[in-house]
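Structural features, examined
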Amino acid sequence: MTEQPNTPNDSQPGGVVLPGPWTPTVDAPGEAGEALHGEVIDQQGNLVVPEPAGPPARRAVPLPALPVSGKEIARTAGRAAVQSAQGHAVLARRAAEAATHAAIREQIRAARARGDAAELAAWLDRLHAAKDARRQRVANLPAVLKAAGVSSLAAVLVVTGVLLTAGILVGVVHPVGVGWGDYWGFIGWLLRLLVTVATVLVPLAAAGVVPAWLVLTHRAGQAADAPSWVATSTEVDVDIVVDERTLTQALAALRIKQITDYLKKAPLQYVVPARKDGRGTYALIRLPGGLPASYVTVQTKRESIAASLHRRTNEVWLRTGEDAGLLDVWIADPGALKEGAGPYPLLTDGFVDVFRGVPFGRSLRGDPLVAPLMERNTITGGQPGQGKSSSARTMLAGAALDITAEIRIWVPDTNFDFEYFKPRCSRYVMGADDDKIRQILEDLRELYAEVQARGQLLVDHKIPAVTRKKASEGIGLHPLFCLLEEAHLAIQHETYGKEIAQLLIDIVKLGRKRGIHMIVSTQAPTKDSMPRDVTRNCSNGIAYAVGDHVANDALLGQGAYRAGHRATELIAGVDKGTALVKGFTGERSVMAQTYFIHVDHVPALIQRALDALDRKGLPVPGTDTPRGSGQELEARDLLDDLDTVLGTEVISIAKVPPLLLNLAPTWAPYKGLTGAGLVKLLAAEGIKVPSTGNRFPLDPVTVREEIGRRATADLDE
Ligand SMILES: Nc1ncnc2c1ncn2[C@@H]1O[C@H](COP(=O)(O)OP(=O)(O)OP(=O)(O)O)[C@@H](O)[C@H]1O
């Protein structure tokens, strides 16, 4: 029987890998602590609650300084009065909604529209419960009033009784003869005191209540449109309250005929009325007249809706709902993007099971996002300085905290971004010179050989893909995470680029089922800088601000731009650390804010992983196998291979690549090799193929002469 991939299991070498998306614990995997799903626990066992994000920052809207005329002042006062009046209507409507249980009824309508029977039943129960509770309150009202009346009467009687008794004692019984006159004088003084207190307090209370009421109604009235005759040119830019009314207005402003005609007859139908959803407002709208939602989700309409609602375009999210006529709307609170993802949850504590994914950031709505890793590859791209390296660092930090995972990092450039990962890596290359790129090529050849070897292991163990259990058995199927940073620099290298590109293609195609995850990072993927077979095989896509739809679709999938999934709307510099990601949730794409791990925080994090390995007496995964050994690392010589496949006759160069491929079918450089490519390779070996009649005939004698020349050169040396 075959096993299900990605089934967590606790029988790995090095101890128990604890479940949970990133399963932080009080100690290293396999040690004392019990797993707590998705919660971060500090060394003392306390739950670490991430700092709550502050309130959304209001954008300051610079207004030109205009001279304020008397007319403007009058209009401003008029507007305040009108809004206060409108506020009464708004409050009355809210009261009516509360009286009719409107909020519950909305949920009932939504559940009915979704066909969610369980949800519908639950909301119907809630409606009945709310109605019963109200009925009960009304039924109890006479008793309550009666009780209040009885209590008041009793209080009056008690006070009167006390005063009378006091009067009798004072006026009649008292031995020193304090008379009735003094007693009535005292009662009169008491009454005057009460009247005085009342005359001071009542106007004071009235003076407070009226302004408070006006402020309340004015605020409520801001949600309604004031008439144009009280509009001024110096209005403050108030936030638009996103509700059914403002959404309808925004849709009406699109001037789409079906919507305009429909609104003349009836209000728009809100399957889910506008309601607070995370850091924004959500609504589901049934578009009228057979209008497909895809007509509204396009860029220009989205911009227009954003303008109507005083939002940035990337704060407005429109999608086609469950059927073509349903428009799914989510509008971020102003400035919600600026809140960021908050601190990385495993900064000081916790470990990970990579089969459950690693912490990545938060969605725009504010939900935590986990990057799935197993059976996947990741491509990340965007303009310089937007956060590509940082997101790769975040993913690899997670991987490093699973002590069963091996990590290999290649940076074909001179930068410090990943230096602190070095002690946790089995292969690490950083540098831009030819030697470094050649080392990267050799490491990729080695990795490709490992892909092949792991394929055989899957066959031997009769499993279609690596599972947690198999990954933990120490049979060479442990999770392996590789990063090729600034991949375009390696792929476009004059000498080694072509082979690197071909190896990448083969590795991303075959590696994922074999427990190998490749992260390729680049700026703007084009057909020259990133083979399409690589982008197509990366089911995780992370797109920071990109310049055009080509880069967008290379990162987020074919057709993403047309369907409105656009990283082109992110603004370079402004939206640092914010990316549109695909493959992380059930949605086609989601706007994500990445956890940012400063380079200086990496050493402690890596040390935690090393300590955990140490406690288990385990080496850093992969470091016990020296480079290039352990696996059958092919090293072929082109001229020797040509000597083998060529006969004695001159042959057209176009016919040679299939012969080479036939000789070494798994040798990456021969895959996809063309006649023109072979001409270039031979030129690099010092053999010039003539173009004669555009046939480029290859003379085997030339090849064998070169082999002979090298042999004697070796002897000469
Ligand atoms: N998630 C984030 N939150 C906050 N700031 C971030 C985030 N990611 C990146 N930054 C900021 O952006 C800067 C650049 O990030 P990073 O080096 O990851 O960008 P890059 O896209 O890899 O750039 P380059 O292509 O030049 O290497 C960081 O130093 C940091 O200040």
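Residues numbered from 1 in each chain as written. Predicted model: local features only at pLDDT ≥ 70, side-chain atom pairs only at ≥ 80, totals over all residues.

**A short note on the UniProt feature "binding site: ATP" (unreviewed entry) in the chain**
Following the UniProt record, one finds the feature "binding site: ATP" (unreviewed entry) at G382, Q383, P384, G385, Q386, G387, K388 and S389. With respect to the element layout, Q383 can be found in the loop between β9 (378-381) and α8 (388-400). Residues in contact with Q383, not counting those within four places in the same chain, are Q523, Y544, A545, V546, G547 and A572. Topologically, K388 is positioned in helix α8. Look past the residues within four positions of K388 in its chain and what remains in contact with it is T380, G381, G382, S521 and Y544. (UniProt positions renumbered as here; feature names shortened; annotations may be inferred. Helix = DSSP H or I, 4+ residues; strand = E, 2+ residues; numbered from the N terminus. Contact = placed C-beta atoms within 7 Å.)

**Here we look at the sheet that holds strand β11 (residues 427-430)**
Read across the open sheet, the ten strands follow the order β8-β7-β16-β15-β14-β9-β13-β12-β10-β11; overall the sheet is mixed. The sheet is open, and its two borders are formed by β8 (368-371) and β11, each paired with just one other strand. Strand-to-strand twist of the sheet, defined as the mean angle between neighbouring strand axes without regard to direction, takes the value 25°. Of the strands in this sheet, β7 (358-363), β8, β9, β10 (406-411), β12 (480-484), β13 (516-522), β14 (540-543), β15 (578-582) and β16 (590-594) are in contact with α8, which crosses β7 at around 135°. (Pairing = 2+ DSSP bridges. Axes fitted to C-alpha atoms, helices over the stretch in contact; angles between N-to-C directions.)

**Quick word on the site of the ligand**
Looking at the ligand, there are 14 residues lining it, with G387, S389, S390, G577 and F596 nearest. At three residues, α8 tops the list of elements feeding residues into the shell around the ligand. Of the residues assigned to the shell around the ligand, the class counts are two nonpolar, ten polar and two charged. (Near = placed C-beta within 6 Å. Nonpolar A, V, L, I, M, F, W, Y, C, P; charged D, E, K, R; others polar.)

**Thoughts on helix α1 (residues 70-99)**
Note that an α-helix has 3.6 residues per turn; residues three or four places apart therefore point the same way. Taking 1.5 Å of rise per residue, the 30 residues of α1 would be expected to cover 44 Å, and the 43 Å separating its terminal C-alpha atoms lies within 8% of that figure. What α1 keeps buried is the set R75, R79, Q83, Q86 and G87. Tucked into the core, α1 has its buried residues touching α4 (180-221). Positive phi appears at H101, one or two residues downstream of α1, with a value of about 55°. (Expected span 1.5 Å × (residues − 1). Buried ≥ 20, exposed ≤ 12 C-beta atoms within 10 Å, placed from the backbone.)

**Looking at the sheet that holds strand β5 (residues 316-320)**
The strand order β3-β4-β6-β5 describes an open sheet built from four strands, whose pairing is antiparallel. Single-partner strands in this sheet number two, and they are β3 (269-277) and β5. Pairs of neighbouring strands in the sheet enclose a mean axial angle of 15°, with direction left out of account. As paired strands, β3 and strand β4 (residues 280-286) are joined by six bridges and run antiparallel to one another. By the bridge assignment for β4, D277 is matched with G280. Contacting β3, β4 and β6 (326-332), helix α5 (residues 244-252) runs over the sheet at an angle of about 120° to β3.

**Quick notes on the nonpolar core**
Formed by 114 residues in total, the largest nonpolar core has its most connected members in L396, A399, A400, I500, I507 and A567. Broken down by element, this core gets its largest block of residues, seven residues, from helix α9 (residues 434-460). In this structure, this core is formed jointly by two domains, domain 1 (40-45 + 340-616) and domain 3 (244-333), each of which donates at least three residues. With near-sequence residues (within four places) excluded, I507 lies in contact with L444, L447, Y448, V451, I516 and M518. With nine residues, the next largest nonpolar core counts I653, Y670, L682 and L698 among its residues. (Core = buried A, V, L, I, M, F, W, Y, C linked by C-beta atoms within 7 Å. Domains from an automatic or database assignment.)

**Structural notes on the confidence of the model for the chain**
When pLDDT is averaged along the chain, the result is 82, and 84% of the positions lie at 70 or above. Throughout residues 629-633 the model reports pLDDT below 50, and contacts reaching past four residues in sequence, or to other chains, amount to ten contacts. Under the prediction, the complex receives an ipTM of 0.97, its pTM being 0.60. (pLDDT = per-residue confidence, 0-100.)

**Points about the pairing of β14**
Side chains on a regular strand alternate between the two faces of the sheet. Neither face of β14 is left uncovered, since the one carrying N540 and I542 and the one carrying G541 and A543 both have all their residues buried. Relative to β14, β9 runs parallel, the two being bridged by four bridges. For T380, the partnering residue across the bridge sits in β14 and is I542. Pairing of β14 with β15 involves three bridges; the strand directions are antiparallel. What sits directly across from I542, in β15, is V581.

**Things to note about α5**
Among the residues of α5, L247, A250 and L251 are the ones counted as buried. Buried residues of α5, viewed axially, fall in a sector of 100°; they line one side. Of the surrounding secondary structure, the elements contacted by the buried residues of α5 are α6 (257-265), β3, β4, α7 (299-308) and β6. (Arc of directions from axis to C-beta.)

**A word on unusual backbone geometry**
One non-glycine residue with positive phi stands out, namely H101, at about 55°. Mapped onto the fold, H101 is located in the loop between α1 and α2 (102-114). Of note in this structure, F696 is not a glycine but carries a positive phi near 45°. With respect to the helices, strands and loops of the structure, F696 is situated in the loop between α18 (675-684) and β18 (697-698). A count of 19 C-beta atoms within 10 Å places F696 in the partly exposed class.

**Thoughts on the packing of helix α16 (residues 638-645) against helix α17 (residues 656-663)**
Their axes nearest at 10 Å, the elements α16 and α17 cross at an angle of 100°. By the angle between their axes, α16 is roughly perpendicular relative to α17. Where α16 approaches α17, its residues D641, T644 and V645 are matched on the opposing element by L659, L660 and L663. Tallied by class, residues from the contact of α16 with α17 come to four nonpolar, one polar and one charged. (Parallel < 35°, antiparallel > 145°, perpendicular 65-115°, else oblique.)

**Examining the pairing of β13**
Among the seven residues in β13, seven count as buried, and that is most of the element. Note that β9 and β13 share four bridges and pair parallel. The residue of β13 that forms the bridge with G381 is T522. Relative to β13, β12 runs parallel, the two being bridged by five bridges. Looking across to β13, one finds that L480 is bridged to I516.

**A look at the environment of W123**
Within the secondary structure, W123 is located in helix α3 (residues 117-173). Using a count of 21 C-beta atoms within 10 Å as the deciding quantity, one classes W123 as buried. As a C-alpha pair, W123 and I104 span 19 residues in sequence and 6.6 Å in three-dimensional space. Beyond its immediate chain neighbours, meaning those up to four positions away, W123 contacts I104, Q107, I108 and A111.

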